[in-house]
Amino acid sequence: MAGFLQEAQDLMPQLVNWRRDFHRHPELGFEEVRTAGIVARHLHDLGLEVTQGIGRTGVVAILEGSRPGPTVMLRFDMDALPIVEANQTDYISHNPGVMHACGHDGHTAIGLGVSTLLTRHRAELAGRVKFVFQPAEEGLGGALAMINDGALESPRPDVAFGLHLWNTLPVGRAIVQAGRLMAASDKFILRVRGRGGHGALPHETIDTVVVGAHLVIALQTIVSRNVDPAQTAVLTIGKFQAGQAYNIIAETAEMVGGFRSFKADVRQTMIERIEAVTRGVASTFGATGEVEWLSIAPPVVNDDKATAHIATVAEDILGAENVTGGGPLMVSEDMAEFLQRVPGCFFFIGSMNEERGLKYPHHNPHFDFDEKALPLGLAIMCEATAQKLR
Ligand SMILES: [Zn+2]
Ligand SMILES: [Zn+2]
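Here, residues in each chain are numbered from 1, in the same order as that chain's written sequence. As a convention, the first chain written is A and the first ligand written is 1, with the rest following in written order. Where totals are concerned, whole chains, interfaces and linings use all residues; where local detail is concerned, this predicted model gives features only for residues with pLDDT of at least 70, and gives and counts side-chain atom pairs only at 80 or more.

Asker: Break down helix H4 (residues 104-120) for me, with residues and values.
Answerer: Labels follow the DSSP assignment, with helices taken as runs of H or I lasting at least four residues and strands as runs of E lasting at least two, numbered in each case from the N terminus. Expected helix span is taken as 1.5 Å per residue step, with the number of steps being one fewer than the number of residues. Between its first and last C-alpha atoms H4 spans 24 Å; for 17 residues at 1.5 Å apiece the expected length is 24 Å, and the two agree. The element H4 is extensively covered by neighbouring structure, given that 15 of its 17 residues are classed as buried. Labels follow a simple rule on C-beta atoms placed from the backbone: if 20 or more others lie within 10 Å of a residue's own, it is buried; if 12 or fewer, it is exposed; otherwise it is partly exposed.

In structure tokens, the structure reads:
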């Protein structure tokens, strides 16, 4: 068992080089051209069969073992965020306004490390490893884009693993949780249509600002009055636009919001009630209301068997006392798209180091993590894969 951990620790200088290079050169979702190029060249140099342009900037590679066996898929995301970095390290972003503030630079470095070590052990593997380097995880649909381009076909994976560095968890620890881990995310646009007119002649109009104001309040009763209090959901209207001037009654109003949920029946209740409340409130005032839906991600649901496997491996590498359950969390991850189709496990690797000030949350302009997490995540991924392919 110490084998992969030792090899991963030996790879530390290379891991740090990769990670800091990606950190200096962050790229937004579907624009990961430089990153994907480095990934593809590395995988090609290892002698793997590499395909680029899966889901626009995604990269898929196959490592064939020496004997027949199952296919293990390993997923790593590569995109950065539109954030101005506020750190003062010698590896800060050289791309103004773009920053690796979620740790995907670390995930990509781990992926390069995993491919290096597993290729070294190719002769011991029965089956194959499918490396999936995904673009555009941050709400842009990169996982689905890769799936639509055939990332899960020929060969179809039997199990899928993915990880996320986690900056509220101290380095050296992991959260491995069976079942529901992260919420489903749905976005909606509400359009209210009334009749515009003069601000002093409201009786000749249908005022969509008044309708919209009632609607925002009414929508907030869905979680409190329609969802089972023992279940979980959250709804937010993040944007409300209507009107042009003080003396003009607005003909239309548009609201953009979102909700998070875990269970399919709760999600269905939310969808049905948002539709009904929108139409009902609008018609009360003589207006019409319609809803446009955008599913951002399904919930991340881990397979029991795959999770038990990861937990055992993580306990051996980190110590049993450092591996716990956790969640569920109301944030979302589009690894969910893969886990809806292939049984697997998505888990969190602690990357916080309070003493060194590496404690800022994900998506914060001060985000940075303890690179000691890199070889730990790498060792768990290698060991979990090698054990599946024995
Ligand atoms: Zn993120
Ligand atoms: Zn992330």
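That covers the picture; the talk isn't over yet.
Asker: Describe the pairing of strand S1 (residues 49-54), listing the residues and the values that go with them.
Answerer: Strands were regarded as paired on the criterion that DSSP finds at least two bridges between them. Summarising the sheet, S1 and strand S2 (residues 58-64) pair through five bridges and their orientation is antiparallel. Note on S2: the bridge partner recorded for Glu49 is Ile62.

Asker: Run through the packing of helix H2 (residues 12-24) against H4, naming residues and quoting values.
Answerer: Put simply, H2 and H4 touch, their axes get as near as 8 Å, and they point 140° apart. One way to sum up the angle between H2 and H4 is to call them oblique. The interaxial crossing formed by H2 with H4 has right-handed handedness. Residues Leu15, Trp18, Arg19, Phe22 and His23 of H2 touch H4, and the partners they reach there are Asp105, Gly106, Thr108, Ala109, Leu112 and Gly113. Across the contact of H2 with H4, the residue classes tally to five nonpolar, four polar and two charged. Only the stretch in contact is used when a helix axis is fitted, and all axes are lines through C-alpha atoms; the angle between N-to-C directions ranges over 0 to 180 degrees. An angle counts as roughly parallel when it lies under 35 degrees, as roughly antiparallel when it exceeds 145, as roughly perpendicular when it falls between 65 and 115, and as oblique in every other case. In this scheme the handedness of a crossing depends on how the near helix is turned from the far one: anticlockwise by less than a right angle means left-handed, clockwise means right-handed. We call two residues in contact if the C-beta atoms placed from their backbones are at most 7 Å apart. Classification convention: Asp, Glu, Lys, Arg as charged; Ala, Val, Leu, Ile, Met, Phe, Trp, Tyr, Cys, Pro as nonpolar; all other residues, Gly among them, as polar.

Asker: Give me the lowdown on the sheet that holds strand S16 (residues 344-352), citing residues and values where you can.
Answerer: On the basis of which strands lie adjacent, the open sheet formed by eight strands has the order S1-S2-S4-S3-S5-S16-S6-S15 and mixed pairing. Bordering the open sheet on either side are S1 and strand S15 (323-324), each of which pairs with just one other strand. Across two bridges, strand S6 (residues 174-175) lies against S16 in antiparallel orientation. Its bridge partner lying in S16, Ile175 is registered against Phe348. Against the sheet, H4 touches S2, strand S3 (67-77), strand S4 (126-134) and strand S5 (159-170), its axis set at about 160° to S3.

Asker: So what's going on with the domain arrangement of the protein? Residues and values would help.
Answerer: The domain boundaries here were taken from an automatic or database domain assignment. The domain architecture assigned to the protein consists of domain 1 (2-182 + 299-388) and domain 2 (184-297). Placing a centre on the C-alpha atoms of domain 1 and another on those of domain 2 gives a separation of 38 Å. Listed by partner, the interface residues are 10 residues for domain 1 and seven residues for domain 2.

Asker: Please set out the sheet that holds strand S10 (residues 233-242) residue by residue, giving values where relevant.
Answerer: Spatially, S10-S12-S8-S13 is the arrangement adopted by the four strands of the open sheet, whose pairing is antiparallel. Looking at which strands have only one partner, the edges of the open sheet turn out to be S10 and strand S13 (288-297). For this sheet, the mean angle separating the axes of adjacent strands, direction not counted, is 20°. Looking at chain direction, strand S8 (residues 184-193) and S13 are connected through nine bridges and run antiparallel. Looking at the pairing, Lys187 lines up with Leu294 of S13. Relative to S10, helix H6 (residues 208-225) is tilted by about 175°, and along the sheet it contacts S8, S10 and strand S12 (252-261). Along the sheet face, helix H7 (residues 264-284) touches S8, S10, S12 and S13 and points at about 155° away from the line of S13.

Asker: Describe the environment of Glu290, naming the residues involved and giving the relevant values.
Answerer: With respect to the element layout, Glu290 can be found in strand S13. Sequence separation of Glu290 and Val211 is 79 residues, and the distance between their C-alpha atoms is 13 Å.

Asker: Tell me about the packing of H4 against helix H10 (residues 373-388), and please be specific about residues and values.
Answerer: One can describe the packing of H4 onto H10 by two numbers: an axis separation of 9 Å at closest approach and a directional angle of 45°. With respect to their mutual orientation, H4 and H10 come out oblique. At the point where H4 passes H10, the crossing takes the right-handed sense. Contacts between H4 and H10 involve Gly106, Ala109, Ile110, Gly113, Val114, Leu117 and Leu118 on the former and, on the latter, Leu374, Gly377, Leu378, Met381, Cys382 and Thr385.

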